[in-house]
Structure formats: structure tokens, C-alpha cells
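Structure assessment
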Amino acid sequence: MASINDYTQQLAELRPKLVTFTMLQIPDRNYAEDLVQDSIIAAIESIEKYEGKAAFETWVYSILKYKLIDYIRQKKREQERFVSDENDVDIDSFFNKKAHWNADDTPQQWHNPEELHLRTHFWEVFDFCLLHLPSSTARVFALRELMEMETEEICESLGISEQNCWTILHRARLKLRSCLERGWFLKTGESA
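The model shown is predicted, which means the values in this text are computed figures rather than measured ones. (Residues numbered from 1 in each chain as written. Predicted model: local features only at pLDDT ≥ 70, side-chain atom pairs only at ≥ 80, totals over all residues. Heavy atoms only, no water.)

Attention now moves to the overall build of the protein. Tallying secondary structure elements over the protein gives eight helices and zero strands in all. Its helices and strands in sequence order give the protein the pattern α-α-α-α-α-α-α-α, from N to C terminus. Here the protein holds 192 residues, and 40% of them are scored as buried. Within the protein, residue pairs in contact and separated by at least 24 positions form 70% of the contacts whose partners lie at least 6 positions apart. Of the roughly 11,800 Å² of accessible surface on the protein, a fraction of 50% belongs to carbon and sulfur atoms. (Helix = DSSP H or I, 4+ residues; strand = E, 2+ residues; numbered from the N terminus. Buried < 20%, exposed > 50% of the residue type's maximum accessible area, 1.4 Å probe, protein only. Contact = heavy atoms within 4.5 Å. Areas by Shrake-Rupley, 256 points an atom, 1.4 Å probe, with all protein chains shown as cover.)

Dropping the structure here:
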């Protein structure tokens, strides 16, 4: 088992990633840093509860996830109006008149998912791609896929319709797929 100094070092190294992830949900950097600091303190205070069943980084992210969900629920009560980026991507441009993929937009071969999961570089590229999504798109995607919130709760929190939420998620997945193909899958395919 690692010592408290080892965990403290890991937390220090993880902090910039935690802040970047938090800023997807909280555009105010000062508040985002405060939330990350609270999460790090909570991790240190409950380090004896860490059983090693998940990676340490995953355990810390789960602490942050719950703090973010609490923040989002609190903001829901304040009810800020959410604006979608509906005109940002022309999804129809990926398909021809018969609703088939255009040759240039056909999904590329993605290799073995289990093998890719083990590659940390993949997650660095994924983080890069996620951070380059429009902020409203990244926010909805992170709430649904990374923080595992239910669609209904996302819609209530952000003041959007369910249809709008699914549209944003679809666009996010298309953009992530395109970014990952350029930044990871095609590059790994070229080097193989």
C-alpha cells in the first residue's frame, strides 16, 4: 500500500487535470479551483477508505464528480438559462441524399477497445478532444457520459428539452469521433 506522501504526490500531479475537467462544468476558474481543492482535501481526509479497487485517479475523480453534481444541483435552483450550439455543426453533411455515409466521413477502423483502454496516451488525446468541444456541448457530454447523470436531470439542471439534450450529445459524439480519428486512431493505424 502506498504511503500518504505517495498519495499526496499523486494528488499534486493530478490537480491540473482535475481543474481542467472541473472548468468544463464551472467556467469560473477560482470557483473551479476551490472545488478541486475541496475534493483533494476530502481525498486526503478519507484516504484510509481508499481500498484500491479502482485506480487512485478514478477514486479522486469520483469524489470530484459528486462535488460537481452538488454544485450543478445548487445552480439549478438558481436557474440559469442554457443556450445550445445547434447551428455549430451541419450533421447532414456527413451523409448523402440516401442517408449513407459520405466516403470522406465514414467512421474509420478503431482497433480493439480493450487494448486502447489500457493506453494512457489515448486518454490524453480524449481529454484534448473533449476540451476542444464547444463549452455547452462539452458540458452536456461530461454530465451524461463522465458524471453519469440521467438525461432528465441534465435537462432540468440546464433548462433544455430532452430532444435538445440528445441532439447535443449526438453532435458531441460526432465531434469526438472525428477528433479521435485524427488524433489517435489514424495515427496509431499509420504507425502499425
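By the definition in use, this model includes one disulfide. Here Cys129 connects covalently by a disulfide to Cys179, the sulfurs 2.0 Å from one another. Disulfide Cys129-Cys179: torsion about the S-S bond near -80 degrees, hence left-handed. One end of the pair, Cys129, is in helix 5 (residues 120-131); the other, Cys179, is in helix 8 (residues 162-191), with 50 residues separating them in the sequence. With no disulfide of its own, Cys155 has Cys165 as its nearest cysteine by sulfur position, at a separation of 4.3 Å. (Disulfide = S-S within 2.5 Å.)

The next thing to look at is the confidence of the model for the protein. Of all residues in the protein, 80% attain a pLDDT of 70 or more, and the chain-wide mean is 80. Note that residues 80-84 has pLDDT below 50 and, in this model, twelve contacts with residues that lie over four places away or in other chains. (pLDDT = per-residue confidence, 0-100.)

Within helix 6 (residues 135-146), burial applies to Ser136, Thr137, Ala138, Arg139, Val140, Phe141, Ala142 and Leu143. Positive phi shows up at Glu148, right after helix 6, with a value of about 55 degrees.

Packing of helix 1 (residues 4-25) against helix 6 leaves a shortest axis separation of 8 Å and a crossing angle of 110 degrees. Compared by their axis directions, helix 1 and helix 6 come out roughly perpendicular. Of the residues in helix 6, those in contact with Phe21, Leu24 and Gln25 of helix 1 are Ser135, Ala138, Arg139, Ala142, Leu143 and Leu146. Residue composition of the contact of helix 1 with helix 6, grouped by class: six nonpolar, two polar and one charged. (Axes fitted to C-alpha atoms, helices over the stretch in contact; angles between N-to-C directions. Parallel < 35°, antiparallel > 145°, perpendicular 65-115°, else oblique. Nonpolar A, V, L, I, M, F, W, Y, C, P; charged D, E, K, R; others polar.)

Taken as a whole, this structure holds seven salt bridges when the rule is applied. For the salt bridge of Arg15 with Glu33, the shortest nitrogen-to-oxygen distance reads 3.4 Å. With Arg15 in helix 1 and Glu33 in helix 2 (residues 29-45), the pair connects residues that are 18 residues apart, well separated along the chain. Among the ionic pairs, Arg177 bridges to Glu181, the shortest N-O distance being 3.3 Å. A residue pair is termed a helical-turn pair when its members lie 3 or 4 positions apart in one helix, as Arg177 and Glu181 do in helix 8 at four residues. Look at Arg177 and you get buried, because its relative accessible area is 10%. Look at the salt bridges and you will find they share partners, linking Arg15, Arg29 and Glu33 into a network. (Salt bridge = Lys/Arg side-chain N within 4 Å of Asp/Glu carboxyl O.)

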